[in-house]
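Results of the structural survey
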Amino acid sequence: MAGFNQVILIGNLTRDPELRYTPKGMAIAKFGLAVSRNWKSETGEAREEVTFVDIDAFGRQAETIGQYLKKGRPVFIQGRLRLDQWDDKQTGQKRSKLGVVLESFQFLGGPRPEGEGDTARSPRPAASAGAAAPAAPTPTADHNVPAEADVPPPDDDDVPF
């Protein structure tokens, strides 16, 4: 049986990422994403449908997300669907929840507004952040032109101070 499990979403964070570490030191970030769809009804009335999706990120990507993303920030997510199933302890019923496991992401929007997030360190440009977390190629008219995310980040070890 053939299968393909890939999800691409663009939306805004519904809450600050919750960053935790496993006993072995693996970072796990959990956050919510609001994805909207706009259309016009038969009567011409503007309509909007919002879908809320839970996202799980692991490793270095989770640490980057925990450091740079906050509630309301837009982000591009590429991942796979995962169905979690469990028995409800109170009712004994089987429960399930569909979520997304992040495989790559890109920051969207411009630089952070003044006073938002960590002020001791300036945010990385989108190209180097995408390189730290491999991201989907940016669609271009000429597919032979590398996307910004394909350009490797500068090597911080070469800085003389």
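Notes on the structure follow. Given the structure is predicted, the values throughout are model-derived calculations rather than measurements. (Residues numbered from 1 in each chain as written. Predicted model: local features only at pLDDT ≥ 70, side-chain atom pairs only at ≥ 80, totals over all residues. Heavy atoms only, no water.)

**So, the packing of aromatic side chains**
Enumeration according to the criterion identifies two aromatic pairs in this entry. Their ring planes at 75° and their centres at 6.0 Å tell us that Tyr68 and Phe107 sit as a pair that is edge-to-face. Separated by 39 residues along the polypeptide, Tyr68 in helix 1 (residues 59–68) and Phe107 in strand 6 (residues 94–107) bring together distant segments of the chain. For the pair shown, Tyr68 and Phe107 are each scored as buried. Where Phe105 meets Phe107, the ring centres are 5.3 Å apart and the plane angle is 80°; that geometry is what we call edge-to-face. Taking the relative accessible area as the measure of exposure, Phe105 reaches 0% and is therefore buried. Residue classification places Phe107 among the buried residues on the basis of a relative accessible area of 14%. Three or more aromatic residues joined by ring pairs make a cluster, and in this case those are Tyr68, Phe105 and Phe107. Lying over the aromatic face of Trp39, Arg37 brings its terminal NZ or CZ to 4.3 Å of the ring centre. (Phe/Tyr/Trp six-rings, centres within 6.5 Å; stacked < 30°, edge-to-face > 60°. Helix = DSSP H or I, 4+ residues; strand = E, 2+ residues; numbered from the N terminus. Buried < 20%, exposed > 50% of the residue type's maximum accessible area, 1.4 Å probe, protein only. Lys NZ or Arg CZ within 6 Å of the ring centre and 35° of its normal.)

**Quick look at the pairing of strand 6**
Judged from the two bridges that link them, strand 4 (residues 46–58) and strand 6 form a sheet pairing that is parallel. Considered in strand 6, the bridge of Asp56 is made with Val101. Pairing of strand 5 (residues 74–87) with strand 6, which is carried by 13 bridges, proceeds in the antiparallel orientation. By the bridge assignment, Leu83 is partnered in strand 6 with Leu98. Taken together, strand 5 and the strand that follows it, strand 6, pair antiparallel across an intervening segment of six residues, in which Gly92 is found at a positive phi of about 80°. (Pairing = 2+ DSSP bridges.)

**Section: the environment of Thr14**
Of note, Thr14 is situated in the loop between strand 1 (7–13) and strand 2 (18–21). In sequence terms Thr14 and Lys70 are 56 residues apart; their C-alpha atoms lie 8.6 Å from each other.

**Concerning the pattern of salt bridges**
Applying the stated criterion to the full structure yields ten salt bridges. Notably, a salt bridge pairs Asp56 with Lys30, separated by 3.2 Å at the nearest N-O pair. You can see Asp56 sitting in strand 4 and its partner Lys30 sitting in strand 3 (residues 27–40), a full 26 residues away along the chain. Classification of Asp56 by relative accessible area gives buried; the value is 9%. In this structure, Asp84 and Arg82 form a salt bridge, with 3.3 Å as the shortest nitrogen-oxygen distance. Classification of Arg82 by relative accessible area gives partly exposed; the value is 27%. Among the charged side chains, a salt-bridge network with shared partners connects Lys30, Asp56, Arg82 and Asp84. (Salt bridge = Lys/Arg side-chain N within 4 Å of Asp/Glu carboxyl O.)

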